[in-house]
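Listed below, chain by chain, are the residues.
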Amino acid sequence: MRSQRPRCNPRSAYDCLDDPEEATGLPGNSFLICTGQQRGSTSNPHLVGDGGPEAPLPGTRLPVRSLPLPLAAGSDALRASSRPAPGRARRAALLRALGIRLVSGEGGRLEWFGCSKETPRCFGTVVGDTPAYLYEQRWTPPCCLRALRETARYVVGVLEAAGVRYWLEGGSLLGAARHGDIIPWDYDVDLGIYLEDVGNCEQLRGAEAGSVVDERGFVWEKAVEGDFFRVQYSESNHLHVDLWPFYPRNGVMTKDTWLDHRQDVEFPEHFLQPLVPLPFAGFVAQAPNNYRRFLELKFGPGVIENPEYPNPSLLSLAGSG
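### Here's the deal with the pairing of strand β7 (residues 188–194)
Most of β7 is tucked away, with 7 of its 7 residues classed as buried. Here β7 shows a buried face lined by D188, D190, G192 and Y194 and a second buried face lined by V189, L191 and I193. Examined bridge by bridge, strand β6 (residues 166–168) and β7 share 3 bridges and lie antiparallel to one another. Bridging across to β7, L168 finds its partner in L191. As judged from the 7 bridges shared by β7 and strand β11 (residues 240–249), these two strands associate in the parallel manner. The partner of V189 across the bridge, within β11, is V241.

### With respect to the environment of L95
Within the secondary structure, L95 is located in helix α2 (residues 87–97). Sequence-wise, L95 and W112 are 17 residues apart; in three dimensions their C-alpha atoms are separated by 10.0 Å.

### Focus: the packing of helix α5 (residues 170–179) against helix α7 (residues 291–299)
Contact pair α5 / α7: the axes reach a minimum separation of 11 Å and the direction vectors enclose 135°. By the criterion of interaxial angle, the relationship of α5 to α7 is oblique. As for the relative orientation of α5 and α7, their crossing is left-handed in sense. Of the residues in α7, those in contact with G170, G171, L173, L174 and A177 of α5 are Y291, F294, L295 and F299. Per-class residue counts for the contact of α5 with α7 are 7 nonpolar, 2 polar and no charged.

### Details of the layout of surface pockets
It is the rolling of a water-molecule-sized probe over the atoms that shows where space remains empty. By volume, the largest pocket is sized at about 990 Å³. Around the largest pocket sit 40 residues that line it, and D129, Y187, D188, D190 and H261 are the ones nearest its centre. Within the residue set of the lining of the largest pocket, elements represented by two or more residues are α5, β7, β10 (229–232), β11 and α7.

### A word on unusual backbone geometry
The omega angle of the peptide bond from Q273 to P274 is 5°, so this bond is cis rather than trans. Residue placement: P274 occurs in the loop between β13 (267–268) and β14 (275–280). Of note in the backbone geometry, Q137 takes a positive phi value of approximately 60° without being a glycine. Checked against the element boundaries, Q137 lands in the loop between α3 (132–135) and α4 (142–162). What makes Q137 partly exposed here is its relative accessible area of 39%.

### A closer look at the nonpolar core
Formed by 66 residues in total, the largest nonpolar core has its most connected members in L159, L191, I193, L204, W220, L243 and F280. With 11 residues, the single largest contributor to this core is α4. Aside from chain neighbours lying at most four places away, what touches I193 is L159, V164, R165, Y166, W167, V198, L204, F229, L243, W244, P245 and F246. Counting 7 residues, the second largest nonpolar core, distinct from the first, contains L94, L95, I100 and V103.

Analysis parameters
- Residues numbered from 1 in each chain as written.
- Predicted model: local features only at pLDDT ≥ 70, side-chain atom pairs only at ≥ 80, totals over all residues.
- Heavy atoms only, no water.
- Buried < 20%, exposed > 50% of the residue type's maximum accessible area, 1.4 Å probe, protein only.
- Helix = DSSP H or I, 4+ residues; strand = E, 2+ residues; numbered from the N terminus.
- Pairing = 2+ DSSP bridges.
- Axes fitted to C-alpha atoms, helices over the stretch in contact; angles between N-to-C directions.
- Parallel < 35°, antiparallel > 145°, perpendicular 65-115°, else oblique.
- Left-handed = near helix turned anticlockwise from the far one by under 90°.
- Contact = heavy atoms within 4.5 Å.
- Nonpolar A, V, L, I, M, F, W, Y, C, P; charged D, E, K, R; others polar.
- 1 Å grid on protein atoms, 1.4 Å probe; cavity = no way out; pocket = protein on both sides within 12 Å on 5 of 7 lines; lining within 4 Å.
- Points joined across faces, edges and corners; volume = space filled by probe spheres on them.
- Core = buried A, V, L, I, M, F, W, Y, C linked by side-chain atoms within 4.5 Å.

As structure tokens, then:
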């Protein structure tokens, strides 16, 4: 008897193949593709929201549809599939042409076909805080989320080892408060740091003078947008963690660079005394105490329970379904 199909990752709204054993073709030249439902869909009530109270339950099976190959792949995929090539290379080319980033196999085995340290990220320049994939009614590709988690974990490890006080900031703290992870449509990670601690960290000291590529291939640099630091996944892949240096002034945490973000405001230092542990992206990070009050100070009341895209004047979560 054939074993039950594995489940696709419900946290990704990007398409993924349900069974790699069938990735080389199904009867009728079809592929099984599982597709994330948009907020408000009635076909699967679990597949709504952003990972907060309405998140899909872990292990929820995404709806599966069978797409004829010409419709699913398009002419580029057809050309790729018609070229003579080894089976594995042909299959990988076809999956990429289909826009599939992740294949979930038997026993939980995962195959990645998206971006990596050696390639650019899956999306271009973000304009108006709204990445292009949101206009396609998709969320952050799973490969990009994986890279962001890896970068965040690594950066936090370096800061902790160097004795740099840091805390989750902005949308990253919001994701941690909602569901212990990066917001499913986010494209970077934000950390606050104490300005006076920058000198404790070799990588940050080096970044003051110019771009530094460390032994793991991460790139430490000063951001071109202002007086803060950025750590990129690699020289090729610019998924990144931003480090915002704050300093206390009369009991209020302030900084020298302010961007046009509603959450970019000063706040009382008592939120950082003490810092508290909070699960985030597969590890435990430091966060402001009373982080609910901290987030409502920055974003407004009810922000944890009422998810919204970063710039609803351009694109709203409520109106995207």
